[in-house]
Amino acid sequence: MTDVVIMVSGGGTNLQALIDAKSRGKLPHVNLRAVVSSSSNAYAVTRAECAGIETVSLDIKGYSDRGQYTRDLCGLIRNYNPGLIVTAGFLYVLTPEFAEEFDGRVINIHPSLLPSFGGVGCYGIHVHEKALAAGVKVTGATVHYVTAIPDTGPIIAQKAVEVLDGDTPETLQQRVMREAEWVILPKAVEAFCIKNQVNQRQKGHNYDTFAS
Ligand code: GAR
């Protein structure tokens, strides 16, 4: 199994989708190792505790320097040596050091069909406000790799969701979560961990061949 660290800031419904998928036996290659929160008050922390997952909070409120916050967060996550890090509703932009340190091992769930409605200022409910203001008829969610520039990394999975007449940002957010985010995130996490395990085995095989 691959050790996965999940980074959260708020309600944690995407974390819950991972917890539920795990308890239904849908994530056999995934070990939900720890939840790292940017706020000790986040409901996501309660969800993790209820599921018996180790939690650690690094309160962003105590920091005036984003670089220092990023470095401290990296140090904390490094302790777990995770095979995968999932930013699941982690709503703060970190400095590029984060993506550089864990390059290729961080994936994010974003509530739109990127590259639409991504980047600075596009997070949480604001994404849906912007989608409605733009008058799009279809939106959705994206799972992608995290790189130094927010919301621009290679896309792993997307799912489209219809925008309905009379939608508010809140109704649209709920539908995007239910129909897209909670569906594609667990699948993408399991797929990553399967691939990770295959890669580890191949590495071991090469080493054995070389040693003999
Ligand atoms: C989710 O919709 C997630 O996609 C979004 O914040 C919400 C967090 O909800 N993330 C972003 O906007 C990242 N740019 P949750 O805490 O209930 O999972």
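As a reminder, the structure under discussion sits directly above these lines.
First, a word on what this report is: a plain description of the structure on this page. These numbers were taken from a predicted model, which means no experiment stands behind them.

**Quick notes on the pattern of salt bridges**
Here the structure, examined in full by the defined rule, presents 4 salt bridges. Glu 54 serves as the salt-bridge partner of Arg 33, at 3.1 Å between the closest nitrogen and oxygen. Separated by 21 residues along the polypeptide, Arg 33 in strand β2 (residues 30–37) and Glu 54 in strand β3 (residues 54–57) bring together distant segments of the chain. Its relative accessible area of 39% is what places Glu 54 among the partly exposed residues. With a closest N to O distance of 3.4 Å, Arg 71 and Glu 97 form a salt bridge. One end of the pair, Arg 71, is in helix α3 (residues 66–78); the other, Glu 97, is in helix α4 (residues 96–101), and 26 residues separate them in sequence.

**Examining the packing of aromatic side chains**
In total, this model carries 4 aromatic pairs according to the counting rule given. Aromatic pair Phe 90 and Tyr 92: ring centres 6.1 Å apart, planes at 75°, arrangement edge-to-face. What makes Phe 90 buried here is its relative accessible area of 9%. Note on Tyr 92: relative accessible area 39%, which makes it partly exposed.

What counts, and at which threshold
In this numbering scheme, every chain counts its residues from 1 along its sequence in written order. With the structure being a predicted model, the display of local features is reserved for residues of pLDDT at least 70 and the display and counting of side-chain atom pairs for 80 or more, all residues being used for whole-chain, interface and lining totals. In computing side-chain values, all of the structure's heavy atoms are included and hydrogens and water are not. In what follows, salt bridge is the name for a side-chain nitrogen of Lys or Arg lying within 4 Å of a carboxyl oxygen of Asp or Glu. The numbering of helices and of strands both runs from the N terminus, where a helix is a DSSP run of H or I of at least 4 residues and a strand a run of E of at least 2. Each residue is assigned to one of three classes by its accessible area relative to the maximum for its type, calculated with a 1.4 Å probe on protein chains only: buried under 20%, partly exposed between the two thresholds, exposed over 50%. Classification of ring pairs rests on two measures: the distance between centres of Phe, Tyr or Trp rings, Trp counted by its six-membered ring, which must be within 6.5 Å, and the angle between planes, read as stacked under 30 degrees, edge-to-face over 60 and tilted in between.

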